[in-house]
Protein chains: 2
Amino acid sequence: MKKSLGQQTLVYPHLVFVIGSYDIKNKPNMMTVSWGGICCSKPPCVAISLRKATYTYNNILINKAFTVNIPSKKYIKETDYVGTVSGKEVDKFKKTGLTPVKHKLINAPYIQEFPINLICQLYKIIEIGLHTQFIGEILDVLIDEEILDQGNKPILDKIQPFCYDSATRSYYGVGTIELDGFTTKSI
Amino acid sequence: MKKSLGQQTLVYPHLVFVIGSYDIKNKPNMMTVSWGGICCSKPPCVAISLRKATYTYNNILINKAFTVNIPSKKYIKETDYVGTVSGKEVDKFKKTGLTPVKHKLINAPYIQEFPINLICQLYKIIEIGLHTQFIGEILDVLIDEEILDQGNKPILDKIQPFCYDSATRSYYGVGTIELDGFTTKSI
């Protein structure tokens, strides 16, 4: 039996991105978002949605650039923390001990310790409502060498990404599933 | 050591949505997408990205409506299949045995067997490049009663959603992770 829950922003899974940016004084900031995703293959683009009240919102407007960093589960505490405080009040890199690295192509820092970093130049700004969508063209993807297989494909079990469950405000892991006659290998 | 992979659409995890729509003759169609996500809270909106060549693309233009259906892993075979063939050639509901149900608010079918269905009215169309982004306002969320807890919160372990890994073209499950002193319950 279907039950109607009304207007909600409920999907499974929500991804977890940590956005890197510089403020007007080039102080690095990072912020966790779970609203976003790849949105075009040519040019390769990723979208993130932010409220105007966030520190990252203005940082992206100033620099026309941001990074999307995929955390592995060993950084779940840091990821959760940087989603709960504002860069207006806290130096989140100092507080967490994570390392901002400026990328040569854009004025935005990526997070050294996170296994995958998307280097994005602002491509479009879409006003939707309470949230503004920033679409970034992915100029480069950086990845830790040790999580690549011999064919340069990332190994998911080494990335150890995780998801967010907005209904219960908790996180969930991602791993191999096997079904009768239809394992992940057979697709 | 970081390795540069160049311009790629690589994030983890990719979600898996199955989009429901009617064609010009009201024949129901469904299509798997992994590029999309929630993009605004007020109004509550979800974005999906489609190529113009897809059957769903025109269906959404005609009806200004679509559904986003979250599959559980027992339907992984059907989900994979409907992402690999076109509704121009195949009646995918007949072929899979899944049930299209018209929603009273819009002219689009949701998938009865999938545990969560987002009922979306077309809100904005964003031309990005090879892909067009359709932003839908979520008018209602339908959910199977048996996956709700007593507070009407969905129970992730009963939804059994899964993710897509675009690098290896395989699927992965989503489940509880526990870290020392920081379980999903403690956040």
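Not measured: the values here are computed from a predicted model.

Draft legend 1. Expanded view of the overall build of chain A. Assigned secondary structure in chain A consists of 4 helices and 12 strands. Relative to the compact-globule value of 16 Å for 187 residues, chain A shows a C-alpha radius of gyration of 17 Å, a close match. When the backbone C-alpha atoms are referred to their principal axes, chain A occupies close to 55 × 50 × 35 Å. The proportion of buried residues among the 187 residues of chain A is 59%. Put simply, 58% of the contacts in chain A that link residues at least 6 apart link residues at least 24 apart. Surface accessibility of chain A: about 7600 Å² in total, with carbon and sulfur atoms responsible for 49%. Charged side chains in chain A number 22 positive and 17 negative. The centres of these two groups are separated by 7 Å.

Draft legend 2. Here's a closer look at the interface of chain B and chain A. Taken together, the contact between chain B and chain A spans 89 residues of the former and 89 residues of the latter. Carbon and sulfur atoms make up 66% of the surface buried where chain B meets chain A, a total of about 7600 Å² over both sides. Put simply, chain B and chain A have 2 salt bridges between them. For B:Asp144, the salt bridge is made with A:Lys2, and the minimal N-O distance between the two is 2.9 Å. Remark: the boundary between chain B and chain A carries 35 residue pairs in polar contact (both at pLDDT 80 or more). Among the elements that line the side of chain B that touches chain A, the one with the most residues is strand β10 (residues 131-144) of chain B, at 11 residues. Across the side of chain B that touches chain A, the residue classes tally to 49 nonpolar, 22 polar and 18 charged.

Draft legend 3. Region of interest: the confidence of the model for chain A. All names here are of chain A. With 94% of its residues at a pLDDT of 70 or more, chain A has an overall mean of 91. Contacts from residues 180-187, a stretch scored under 50 in pLDDT, to residues over four places away or in other chains number 15 contacts. Predicted complex, confidence summary: ipTM 0.92, pTM 0.93.

Draft legend 4. Structural view of the relation of the copies chain B and chain A. Of the two same-sequence chains, chain B is brought onto chain A (RMSD 0.0 Å, axial shift 0.0 Å) by a rotation of 180 degrees. One copy is carried onto the other by what is essentially a two-fold rotation axis. Considering only C-alpha atoms, the part of chain B nearest the rotation axis is B:Val174, at 2.3 Å. Looking at the interface residues of chain B, 100% of them are also at the interface in chain A, so both copies use one shared face.

Draft legend 5. Representation of the packing of aromatic side chains within the structure. Applying the stated rule across the entire model yields 8 aromatic pairs over all chains. Ring geometry for A:Tyr75 versus A:Phe114: centroids 5.4 Å apart, planes at 35 degrees, classification tilted. Here A:Phe114 lies in the loop between β8 (109-111) and β9 (116-127) and A:Tyr75 lies in the loop between β6 (65-70) and α2 (76-82), a separation of 39 residues in the sequence. The same class applies to A:Tyr75 as to A:Phe114, namely buried. A ring pair is formed by B:Tyr57 and B:Phe134, whose centres lie 5.4 Å apart and whose planes are at 65 degrees; its orientation type is edge-to-face. Of the two residues, B:Tyr57 sits in helix α1 (residues 55-63) while B:Phe134 sits in strand β10, which places them 77 residues apart along the sequence.

Draft legend 6. Spatial organisation of the pairing of strand β6 (residues 65-70) of chain B. Residues and elements named next belong to chain B. Where burial is concerned, most of β6 is hidden: 6 out of the 6 residues are buried. By the alternation rule, side chains of β6 split into Ala 65, Thr 67 and Asn 69 and Phe 66, Val 68 and Ile 70, which are all buried. For strand β2 (residues 17-22) and β6, the ladder comprises 3 bridges, and the chain directions are antiparallel. Pairing of Val 18 across the sheet is with Asn 69, part of β6. The pairing of β6 with strand β9 (residues 116-127) spans 6 bridges and is classified as antiparallel. From the neighbouring strand, Asn 69 faces β9, where its bridge partner is Asn 117.

Thresholds applied
Residues numbered from 1 in each chain as written. Chains lettered and ligands numbered in written order. Predicted model: local features only at pLDDT ≥ 70, side-chain atom pairs only at ≥ 80, totals over all residues. Heavy atoms only, no water. Helix = DSSP H or I, 4+ residues; strand = E, 2+ residues; numbered from the N terminus. Rg over C-alpha atoms; globule rule 2.2 N^0.38 Å. Buried < 20%, exposed > 50% of the residue type's maximum accessible area, 1.4 Å probe, protein only. Contact = heavy atoms within 4.5 Å. Areas by Shrake-Rupley, 256 points an atom, 1.4 Å probe, with all protein chains shown as cover. Lys, Arg positive; Asp, Glu negative; His and termini not counted. Charge placed at Lys NZ, Arg CZ, Asp CG, Glu CD. Buried area = accessible area lost by both parts, 1.4 Å probe. Salt bridge = Lys/Arg side-chain N within 4 Å of Asp/Glu carboxyl O. Polar contact = N/O pair within 3.5 Å; in protein donor to acceptor, adjacent residues only side chain to side chain. Nonpolar A, V, L, I, M, F, W, Y, C, P; charged D, E, K, R; others polar. pLDDT = per-residue confidence, 0-100. Least-squares fit on C-alpha atoms with pLDDT ≥ 70 in both. Phe/Tyr/Trp six-rings, centres within 6.5 Å; stacked < 30°, edge-to-face > 60°. Pairing = 2+ DSSP bridges.

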